[in-house]
Amino acid sequence: MAKSHAHAAAFRRLLKTLDLLGYPIRVVILQRLSNTPMTAGELARSMPIKRTAIVQHLKSLEAARLVDATM
């Protein structure tokens, strides 16, 4: 039974990740960060949205453990 719960939890995490990637801008953010670390400001300068929006997307990606924020 525990194995079934583990599979269900993994499936829920996968669905959450897919939902997060439903925003094309998040996919672009991940692509850019895969090449080099960037700040939210650097990302915003190269994209058509404001820094505050980038920060919100980064928070969502970080909560899903898709990016790692450093100070």
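Asks: Got a minute to help me understand the overall build of the chain in this structure?
Replies: Along the backbone of the chain there are 4 helices and 0 strands. Counting helices and strands in the order they occur from the N terminus, the chain gives α-α-α-α. Whereas a compact globule of 71 residues would reach a radius of gyration of roughly 11 Å, the chain reaches 14 Å, over 25% beyond that. Seen along its three principal axes, the alpha-carbon backbone of the chain occupies a region of about 50 × 25 × 20 Å. Residue pairs at least 24 apart in sequence account for 40% of intrachain contacts in the chain once pairs closer than 6 positions are excluded. If you sum the accessible surface of the chain, you get close to 5500 Å²; carbon and sulfur atoms cover 60% of it.

Asks: It is not clear to me how the packing of aromatic side chains should be interpreted in this structure. Could you clarify?
Replies: The geometry of an aromatic ring pair is captured by two quantities: the separation of the ring centres and the angle between the planes. All chains considered together, the criterion is met by 0 aromatic pairs. It is Arg 26 that lies over the ring of Tyr 23; its NZ or CZ is 4.1 Å from the centre.

Asks: I tried to follow the nonpolar core on my own but got confused; where do I start?
Replies: Considering soluble globular proteins, one finds that nonpolar side chains tend to be buried as a cluster. Listed in full, the 10 residues of the largest apolar core are Ile 29, Ala 40, Leu 43, Ala 44, Met 47, Ile 54, Val 55, Leu 58, Leu 61 and Val 67. Every element with two or more residues in this core is listed here: helix H3 (40-45) and helix H4 (51-63). Here the element with the most residues in this core is H4; it accounts for 4 residues. With sequence-adjacent residues up to four places away left out, Ala 44 is seen in contact with Ile 49, Lys 50, Arg 51 and Ile 54.

Asks: Explain the packing of helix H2 (residues 24-35) against H4 to me, please; I cannot follow it from the model alone.
Replies: A pair of packed helices is characterised by two quantities: the angle between their axes and the separation of those axes. Close contact between H2 and H4 brings their axes to 10 Å; oriented N to C, the two are set at 80 degrees. Relative to H4, the element H2 lies roughly perpendicular. Here H2 contributes Ile 25, Arg 26, Ile 29, Leu 30 and Leu 33 to the contact with H4, which in turn contributes Ile 54, His 57, Leu 58, Ser 60 and Leu 61. Considered class by class, the residues forming the contact of H2 with H4 number 7 nonpolar, 2 polar and 1 charged.

About the thresholds
- Residues numbered from 1 in each chain as written.
- Predicted model: local features only at pLDDT ≥ 70, side-chain atom pairs only at ≥ 80, totals over all residues.
- Heavy atoms only, no water.
- Helix = DSSP H or I, 4+ residues; strand = E, 2+ residues; numbered from the N terminus.
- Rg over C-alpha atoms; globule rule 2.2 N^0.38 Å.
- Contact = heavy atoms within 4.5 Å.
- Areas by Shrake-Rupley, 256 points an atom, 1.4 Å probe, with all protein chains shown as cover.
- Phe/Tyr/Trp six-rings, centres within 6.5 Å; stacked < 30°, edge-to-face > 60°.
- Lys NZ or Arg CZ within 6 Å of the ring centre and 35° of its normal.
- Core = buried A, V, L, I, M, F, W, Y, C linked by side-chain atoms within 4.5 Å.
- Buried < 20%, exposed > 50% of the residue type's maximum accessible area, 1.4 Å probe, protein only.
- Axes fitted to C-alpha atoms, helices over the stretch in contact; angles between N-to-C directions.
- Parallel < 35°, antiparallel > 145°, perpendicular 65-115°, else oblique.
- Nonpolar A, V, L, I, M, F, W, Y, C, P; charged D, E, K, R; others polar.

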